Amino acid sequence: MATSLYGASEAQDVICVFLEREGDTLQRVSLELLSKGRELADEVGWKLAGLLLGYYRMLPLMGQAFEVGADEIWVAEHPLLKTFTVEAYTSAAFQVIMNRKPSIFLCGATPNGRDLAGRLAVKLRTGLTADCTDLRMREGGILVGEVTGFGGGVLALIKTPQHRPQMATVRPGVFPLKPPRTERVSRAVEIISVTLDEAQVRTRVVEQVVGRGADITQSPVVVVGGRGIQGRFDLLRQLAELLGGEVGATRPPVDSGQIERERQVGQTGVVCRPKVAIVCGASGAFQFTVGIQHADTVIAINTDPEAPIFETADYGVVGDALQIVPALIEALRNSRVAVTSG
Amino acid sequence: MTQVEHLTVDDARWDTLFERTRGAVALCYQCGVCTALCPWGQVREGKPLSVRSLLRRAQLGVPDDHEDIWLCTACAQCESLCPRGVPVAEVFQSLRGMAWEERRVPKGLPSVLWSIYWNNNPWSQPPSHRSRWAKGLEVPRFDPSEHEVLYYVGCTAAYDRRAQKVARALVKLFQAAGVRFGTLGDEEPCCGDAAKSLGYTPYFEEIVQNAAQVFAQNGVRRLVATSPHCFDTFRNYAPRYQADFEAEHYTQFLDRCLSEGRLRFSREVPLRVTFHDPCFLGRRNDEYEAPRRILDAIPGLERVEMARSRQDALCCGGGGGRMWMETSAGERFANLRVQDALATGVQVLVTACPFCIACFEESVKAVGAPNLRVMDVAELAAMAIE
Ligand SMILES: Cc1cc2nc3c(=O)[nH]c(=O)nc-3n(C[C@H](O)[C@H](O)[C@H](O)COP(=O)(O)OP(=O)(O)OC[C@H]3O[C@@H](n4cnc5c(N)ncnc54)[C@H](O)[C@@H]3O)c2cc1C
Ligand code: SF4
Ligand code: SF4
């Protein structure tokens, strides 16, 4: 077995998490990995670092990473890192890793993350445990990744005892996002220079298109309309906008073409995990409630005090949604309350 | 010029399919009875589910990227009249199994299987809430030295608030009949019907084996299931994996309690009802009479038949894993079935399956028939006891 470019004795006591951006925020999976990385690092008294590659507007991203627990951020800035290309990102990440020699390198199992991690592992001649469903620390700083193969129900525990860094990818949503840290330990930003050559990059970004389909699964607030709102999604849209959220629906309004299918919440729609779900005029059928059961807080508005939705809701308002929602919009406009995401 | 579809024949694929269906796919001689009978033909005008041609492609080992293999509700309508005895739904399950291997699976289905894996139920519900349905009721933990049967609640009746009412009604009935029963509480294993219908056979086998083991460890010799789907799995599939227990659907069990005089209905339930045969109770397990005898024993209750009933009953659309797949608004069998019920002029459409209840309740609203109630046999029976 070929040895890795650096071994356990040279590796530093650091867990490094690849920070993937999405516009001006970090991807949720990167934050989830930082949360988990913090926990693992604390177990063995190591440091937690974030690896941030890019070219512009990096500061707000660093803030987010520190907030969920990073001690250091390793930054490489280069015009060729402006948008993700697997060649430039692999090369830059490789240079930073060889410079800092972390013991562990974690990456979200997103399309780009998977692309990057695989190439990086080959370049570093180390192992990669892909799609872990759990990560644990063993004595001597050995990372153990749990991998479940579906179906066979096989459950493998994989470790990389000799090679460094120990690499793993984890799918979004596997680890919970911990609340921001308040106590401040250290916050170091280290700029690491990388050399990149345009000739290396064989990917050409022609155009960046953001999918037009709504993604209500990521929204911090979801305002759901059921049959009871009689198609008044215009009202719900206003409310959602004021709260920085998205509009969702039960199946009947989708069936009758009042709203797009992508916004259907439930068993055969999407499962969302907002901080707040406001459910208007939905009876609360099981096939629907499975789609909002992960919401932190559910507020239901229904004319029928016996509606089953009140069993699922944290707060219930018995009344006509078509009167309550406009009143709520009015009140919000006056007080300019807004819920921020993240 | 006519367009000719080019087919690539794949012998290895055929061999695999032949083996997985234990040769059954070879039996089909292309008469087309299945296509004619399949309810998809009634909801998709001009483009029925061409069961026959899918079987032909399968026989030739022609890879199909047909979404159509996911449509089958396993209703057994076609199987009941296939002159060659082809287990059509199982063939579809095998085709789905191959699609899993090729990672061509409709969105949302992997998470159903993951949910069974993590939560022991296909509904993404917390395992620790499994016995919450019984809150406030006296439901003891099964003890083989004390109890005659295990009441197997099943994932849907345990978690779906509507179906929970059926489980609660059953407990009432068991108590009234003096049945010595218990449940396995939060440890009750999933039956695996979802994994089976979605075609993930290796995992299904593992689930049933595990369930059989849990039953053996708990000394279970007989169980009574709420859902015909669990019942079917335990009755027809578990024995393939050395399971050593008997399974009954609750309608069969209650029917026996009635005939043995343990259960008596004394209260009038003056309702006009019609009974819908759940596919997994009727066509799949040949039980048409037990639920009808229970209904007929209820004083004051009047039962009429729909135009198509027993062997000819129209599927609700919820079997074959369709509970976890979206069906376009115009293509839901349940809408047609509700029309069947409305034509009889009854007040209640009665069934004995939690999937049917979910599908019908939705369709009752969709077709605008607010006066037609959807109830379970157990709920009506519970109304008839003191
Ligand atoms: C296989 C299958 C899959 C399904 N998948 C999904 C799914 O993914 N998502 C989904 O949502 N459903 C799904 N369903 C349908 C589900 O079972 C319910 O039928 C559906 O969720 C009901 O939608 P609803 O609550 O909007 O309508 P209803 O059940 O008709 O409820 C309307 C409610 O609005 C209230 N109301 C009326 N007027 C007002 C008013 N002015 N103000 C306030 N309240 C009012 C009424 O009291 C009532 O409670 C599925 C069903 C099946 C069988
Ligand atoms: S009815 Fe049976 S024999 Fe006839 S085409 Fe269908 S599967 Fe084949
Ligand atoms: S089992 Fe039912 S749904 Fe499936 S092919 Fe046969 S008739 Fe059609």
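These notes cover the structure that comes with them. Predicted, not measured: the structure shown is a model, and the values here were computed from it.

Describing the overall build of chain B
Part 1 of the reasoning: Secondary structure summary: chain B contains 17 helices and 8 strands in total.
Part 2 of the reasoning: Here chain B holds 386 residues, and 59% of them are scored as buried.
Part 3 of the reasoning: When contacts within chain B are restricted to residue pairs at least 6 apart in sequence, those whose partners lie at least 24 apart make up 78%.
Part 4 of the reasoning: Total accessible area computed for chain B in this model is approximately 16000 Å², and 48% of it derives from carbon and sulfur atoms.
Part 5 of the reasoning: Of the charged side chains in chain B, 45 are positive and 48 negative; the average position of the first set lies 3 Å away from that of the second.

Let's talk about the sheet that holds strand β8 (residues 373–376) of chain B
Residues and elements named next belong to chain B.
Part 1 of the reasoning: Within the open sheet, the 4 strands sit side by side as β6-β5-β7-β8. Their pairing is parallel. In the strand order of this sheet, the two ends are held by β6 (302–304) and β8, each with one partner. Averaged over neighbouring strand pairs, the angle between their axes works out to 35 degrees when direction is ignored.
Part 2 of the reasoning: The pairing of strand β5 (residues 272–275) with β6 spans 3 bridges and is parallel.

With respect to the state of the cysteines
Part 1 of the reasoning: Tallied over the entire structure, the rule returns 0 disulfides over all chains.
Part 2 of the reasoning: There is no disulfide at Cys316(B), and the cysteine sulfur nearest it, in Cys356(B), is 3.9 Å away.

With respect to the site of ligand 2
Part 1 of the reasoning: By nearness alone, 13 residues border ligand 2, and Cys28(B), Cys31(B), Gly32(B), Cys34(B) and Cys82(B) come closest of all.
Part 2 of the reasoning: Mapped onto the shell around ligand 2, the elements with two or more residues apiece are α2 (33–37) and α4 (51–60) of chain B.

Quick notes on the sheet that holds strand β16 (residues 246–249) of chain A
All names here are of chain A.
Part 1 of the reasoning: Spatially, 5 strands are ordered β16-β15-β17-β18-β19 in an open sheet, and the strand pairing comes out parallel. Strands with a single pairing partner mark the edges of an open sheet, and in this sheet they are β16 and β19 (315–318). For this sheet the average axis-to-axis angle between neighbouring strands, irrespective of direction, equals 20 degrees.
Part 2 of the reasoning: The strands that helix α5 (residues 233–242) touches are β15 (221–225), β16 and β17 (276–280); relative to β16, the one it contacts most, it runs at about 140 degrees.
Part 3 of the reasoning: Set on the sheet, helix α9 (residues 321–335) makes contact with β17, β18 (297–302) and β19; between it and β18 the angle comes to about 125 degrees.

Quick notes on the site of ligand 3
Part 1 of the reasoning: Every residue lining ligand 3 is accounted for by Cys38(B), Pro39(B), Val51(B), Cys72(B), Thr73(B), Ala74(B), Cys75(B), Ala76(B), Gln77(B), Cys78(B) and Phe92(B).
Part 2 of the reasoning: When the residues that make up the shell around ligand 3 are grouped by side-chain class, the tally is 9 nonpolar, 2 polar and no charged.

With respect to the side chain of Thr35(B)
Residues and elements named next belong to chain B.
Part 1 of the reasoning: With respect to the element layout, Thr35 can be found in helix α2.
Part 2 of the reasoning: In this structure Thr35 comes out as buried when scored by relative accessible area, which is 17%.
Part 3 of the reasoning: Reaching out from Thr35, the side chain makes a polar contact with the backbone nitrogen of Val51 at a distance of 3.3 Å.

Digging into the interface of chain A and chain B
Part 1 of the reasoning: Facing the 26 residues of chain A at the interface are 25 residues of chain B.
Part 2 of the reasoning: Between chain A and chain B, roughly 2200 Å² of surface is buried when both sides are summed, and carbon and sulfur atoms account for 51% of that area.
Part 3 of the reasoning: Run the count over chain A and chain B and you get 5 salt bridges.
Part 4 of the reasoning: A salt bridge links Glu326(B) to Arg251(A), with the shortest nitrogen-to-oxygen separation between them at 2.5 Å.
Part 5 of the reasoning: Along the contact surface separating chain A from chain B lie 10 residue pairs in polar contact (both at pLDDT 80 or more).
Part 6 of the reasoning: When contributions to the side of chain A that touches chain B are tallied by element, the ones reaching two or more residues are β10 (142–148), α6 (251–255), α7 (286–289) and α8 (309–312) of chain A.
Part 7 of the reasoning: If you tally residues by element for the side of chain A that touches chain B, the top one is α7(A), at 3 residues.
Part 8 of the reasoning: Tallied by class, the residues present in the side of chain A that touches chain B amount to 6 nonpolar, 14 polar and 6 charged.

Here's the deal with the nonpolar core
Part 1 of the reasoning: Counting 140 residues, the largest nonpolar core has Leu173(B), Phe215(B), Leu223(B), Phe234(B), Phe265(B) and Leu380(B) as its most contacted members.
Part 2 of the reasoning: Dropping the residues within four chain positions of it, Phe215(B) is found in contact with Leu150(B), Tyr152(B), Leu184(B), Pro189(B), Val220(B), Leu223(B), Phe234(B) and Phe245(B).

Details of the packing of aromatic side chains
All names here are of chain B.
Part 1 of the reasoning: Counting across every chain of the model gives 23 aromatic pairs over all chains.
Part 2 of the reasoning: Ring plane angle 65 degrees and centroid distance 5.0 Å describe the contact between Trp100 and Tyr200, whose orientation is recorded as edge-to-face. Of this pair, Trp100 sits in helix α6 (residues 88–101) while Tyr200 sits in the loop between α10 (193–197) and α11 (201–217); the two residues are 100 residues apart in sequence, bridging distant segments of the chain. As far as the burial class goes, Trp100 and Tyr200 line up, both buried.
Part 3 of the reasoning: Judged by centre distance (6.4 Å) and plane angle (80 degrees), the rings of Trp123 and Phe355 are edge-to-face. Of this pair, Trp123 sits in the loop between α7 (109–119) and β1 (149–152) while Phe355 sits in helix α16 (residues 354–366); the two residues are 232 residues apart in sequence, bridging distant segments of the chain.

Rules used throughout
- Residues numbered from 1 in each chain as written.
- Chains lettered and ligands numbered in written order.
- Predicted model: local features only at pLDDT ≥ 70, side-chain atom pairs only at ≥ 80, totals over all residues.
- Heavy atoms only, no water.
- Helix = DSSP H or I, 4+ residues; strand = E, 2+ residues; numbered from the N terminus.
- Buried < 20%, exposed > 50% of the residue type's maximum accessible area, 1.4 Å probe, protein only.
- Contact = heavy atoms within 4.5 Å.
- Areas by Shrake-Rupley, 256 points an atom, 1.4 Å probe, with all protein chains shown as cover.
- Lys, Arg positive; Asp, Glu negative; His and termini not counted.
- Charge placed at Lys NZ, Arg CZ, Asp CG, Glu CD.
- Pairing = 2+ DSSP bridges.
- Axes fitted to C-alpha atoms, helices over the stretch in contact; angles between N-to-C directions.
- Disulfide = S-S within 2.5 Å.
- Near = heavy atom within 4 Å.
- Nonpolar A, V, L, I, M, F, W, Y, C, P; charged D, E, K, R; others polar.
- Polar contact = N/O pair within 3.5 Å; in protein donor to acceptor, adjacent residues only side chain to side chain.
- Buried area = accessible area lost by both parts, 1.4 Å probe.
- Salt bridge = Lys/Arg side-chain N within 4 Å of Asp/Glu carboxyl O.
- Core = buried A, V, L, I, M, F, W, Y, C linked by side-chain atoms within 4.5 Å.
- Phe/Tyr/Trp six-rings, centres within 6.5 Å; stacked < 30°, edge-to-face > 60°.

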